[in-house]
Amino acid sequence: MWISRLRCAAFVLVGICLYCALPARAGAQTVQCALGGNALPNGLVVLLPSGEKNYRSMKLQLLSNPSMSGVAVQVNWSDIEASEDKPDWSQLDALFAAAAAAKKWVHLIMFPGFFSPPWAFAGVQTDLFEIQYGPGKGNSAKLPMPWDRVYLRRWFAFMKLLSARYGGLPAFRMIAAAGPTSVSVEMTLPNSPAAHRQWMADGYAPARYLSAWDDTFHFYAETFRNQCISLSAPGLPILGAGPKGRAAHLSAKQEVIERAARAVGNRLAIQSSDLHAGHAAVEAPDNTEFINSYSGRIITGFEMRSGSQDAIASKVMGAEGDPPLALRRSIDKGMAHNSGGRHVNYLEIYAADVEPAAMQPVLQYAAQLFTTSSH
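Residues numbered from 1 in each chain as written. Predicted model: local features only at pLDDT ≥ 70, side-chain atom pairs only at ≥ 80, totals over all residues. Heavy atoms only, no water.

Draft legend 1. A look at the packing of helix α5 (residues 149-166) against helix α7 (residues 206-223). Packing of α5 against α7 brings their axes to within 11 Å, and their N-to-C directions diverge by 15°. Viewed along their axes, α5 and α7 adopt a mutual orientation that is roughly parallel. Read as a crossing pair, α5 and α7 show a hand that is right-handed. On the side of α5, the interface is formed by R149, L152, W155, F156, M159, K160 and S163, while α7 contributes S211, A212, D215, T216, F219, Y220 and T223. (Axes fitted to C-alpha atoms, helices over the stretch in contact; angles between N-to-C directions. Helix = DSSP H or I, 4+ residues; strand = E, 2+ residues; numbered from the N terminus. Parallel < 35°, antiparallel > 145°, perpendicular 65-115°, else oblique. Left-handed = near helix turned anticlockwise from the far one by under 90°. Contact = heavy atoms within 4.5 Å.)

Draft legend 2. Fine view of the packing of aromatic side chains. In total, this model carries 21 aromatic pairs according to the counting rule given. When the centroid spacing of 5.9 Å and the interplanar angle of 20° are considered together, the rings of W77 and F158 count as stacked. Within this pair, whereas W77 is found in helix α3 (residues 77-80), its partner F158 is found in helix α5, the two being separated by 81 residues in sequence. Centre to centre, the rings of W89 and F158 are 5.9 Å apart; their planes meet at 5°, and the pair counts as stacked. Taken together, the residues span a long stretch of sequence, with W89 in the loop between α3 and α4 (90-102) and F158 in helix α5 at a distance of 69 residues. F158 gets classed as buried once you look at its relative accessible area, which sits at 0%. Here a set of aromatic residues connected by ring pairs shows up, and it is made of W77, W89, F96, W119, W155, F156, F158, Y166, F172, F219, Y220 and F224. Seen from the ring of F290, K253 lies directly overhead, with NZ or CZ sitting 4.9 Å from the centre. Geometry around Y365 places R328 over its ring, the cationic atom sitting 3.5 Å from the centre. (Phe/Tyr/Trp six-rings, centres within 6.5 Å; stacked < 30°, edge-to-face > 60°. Buried < 20%, exposed > 50% of the residue type's maximum accessible area, 1.4 Å probe, protein only. Lys NZ or Arg CZ within 6 Å of the ring centre and 35° of its normal.)

Draft legend 3. Region of the structure containing the environment of M58. With respect to the helices and strands, the residue M58 is situated in the loop between α2 (51-54) and β2 (70-76). Between the C-alpha atom of M58 and that of L47, which follows or precedes it by eleven residues, the distance is 10.0 Å. Sequence-distant contacts of M58, that is, excluding residues within four places in its chain, are made with L48, V73, Q91 and L95.

Draft legend 4. Just the sheet that holds strand β8 (residues 268-275), in detail. Spatial strand order, β1-β2-β3-β6-β7-β8-β9-β10: eight strands in a closed barrel with parallel pairing. Each adjacent strand pair in this sheet contributes to an overall mean axis angle of 25°, direction not counted. Bridge analysis of strand β1 (residues 43-48) against strand β10 (residues 346-350) gives five bridges, and the strand direction is parallel. Along β10, the bridge assignment pairs V45 with E348. Lying over the sheet, helix α8 (residues 246-264) contacts β7 (228-232) and β8, oriented at roughly 140° with respect to β8. (Pairing = 2+ DSSP bridges.)

Draft legend 5. Region of the structure containing the pairing of strand β9 (residues 299-304). Among the six residues of β9, six are classified as buried, and the element is accordingly described as predominantly covered. Both faces of β9 are covered, namely the face carrying I299, G301 and E303 and the face carrying T300, F302 and M304. Bridge count between β8 and β9: five bridges; the pairing is parallel. Considered in β9, the bridge of I270 is made with T300. By the bridge criterion, three bridges tie β9 to β10 in an arrangement that is parallel. Looking at β10, one finds that F302 is bridged to L347.

Draft legend 6. Summary view of the packing of α7 against α8. At a minimum axis distance of 8 Å, the contact between α7 and α8 shows a crossing angle of 30°. Comparing the axis directions of α7 and α8 gives the class roughly parallel. In this structure, α7 meets α8 at a crossing whose hand is right-handed. Contact with α7, carried on its side by L210, D214, F217, H218 and A221, involves E255, V256, R259, A260, A263 and V264 of α8 and no other residues of that element. Among the residues making up the contact of α7 with α8, the classes are represented as seven nonpolar, one polar and three charged. (Nonpolar A, V, L, I, M, F, W, Y, C, P; charged D, E, K, R; others polar.)

Draft legend 7. Spatial organisation of empty space enclosed by the protein. This model, assessed by the stated rule, comprises two cavities of 30 Å³ or more. As a volume, the largest cavity reaches approximately 60 Å³. What lines the largest cavity is S272, D274, L275, H276, E283, A284, P285, D286, N287, T288, F302 and K333. Counting residues per element, the lining of the largest cavity draws most heavily on β8, at three residues. Considered class by class, the residues forming the lining of the largest cavity number four nonpolar, four polar and four charged. (1 Å grid on protein atoms, 1.4 Å probe; cavity = no way out; pocket = protein on both sides within 12 Å on 5 of 7 lines; lining within 4 Å. Points joined across faces, edges and corners; volume = space filled by probe spheres on them.)

Draft legend 8. Main features of the pattern of salt bridges. Considering all chains together, one arrives at nine salt bridges under this definition. Among the salt bridges present, the one from K59 reaches E355, with a minimum N-O distance of 3.1 Å. Here the residue K59 occupies a position in the loop between α2 and β2, and E355 occupies one in the loop between α12 (351-354) and α13 (360-372), the gap between them amounting to 296 residues. A relative accessible area of 28% means that K59 is categorised as partly exposed. For E355, a relative accessible area of 40% puts it in the partly exposed group. E222 is the partner of R225 in a salt bridge, and the nearest nitrogen-oxygen pair spans 2.5 Å. (Salt bridge = Lys/Arg side-chain N within 4 Å of Asp/Glu carboxyl O.)

Now the structure itself:
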């Protein structure tokens, strides 16, 4: 994507400011993200079907793909703990067993927010918002306020149960920080003009939102001592009073990453979950270069915006009607070297693009990028 000289200068200034604030380079000798060795999140990762669609039929056979180094899975909180303190671990047990057998590392992506179980809303401040993207987009659903302490306490209690069960497994290398979230683990909130007015009426303030995230960063750092902690789309979704231009958003991203780094240290990973080389009907700000500007200093990664297996998806991913080329173009965009000659540590690719035979040469090509160049 073309970037103006002014934007490039902004990235450079942000990078200079962050260089001293961030932990040392996340190299194999300084970071341990799993028991049994100094293991960083790395390589290609197959992203299994999400919890909203068909969590009960995860395609665990895809873990045998030799181009894949890891596996990520998106799971709704409500799918695991439908009743308080009575989690059903059966599907996650199967996931970890399959990962261990296939010698793949695991990234757990657990969705609270809109996808919290009904019991978790009791006594919690909530409001109805339209789901802003993904499955259920446009439908109104109940969302707990990100800062509500009762809601966060219940979410943290569930995370403690999860850590107690899986935290000591060598395959468990990374977990996504979540809690003050809505439709995913991204730091996004419904923010249409109508939603913005609702947030203001509900008591939203940047300091209140960031305080909830500070608590979340410290909780994850303490609870998941053997894992890296991923942060998706770092930033402040609603800036509040004051400037609201590009510089203000860059400053907010900087502040969030600094806060996370102070709590998590060099186990912090930052990622964007919107990697694509084409054009979507509704484009979010392109954070590809922003994330990659940190590569070589902290752990970085991308999740593809979608699979590439139909006409619309292939167009968004970079080559209408040609899924292999669309995926390759998106991979090349994500694996570009930054000014320091580094690229991201990992790429997460949807299962729909890992399964077809026609995609295997592209996956083999991408896997080789992690062994033949710096990251």
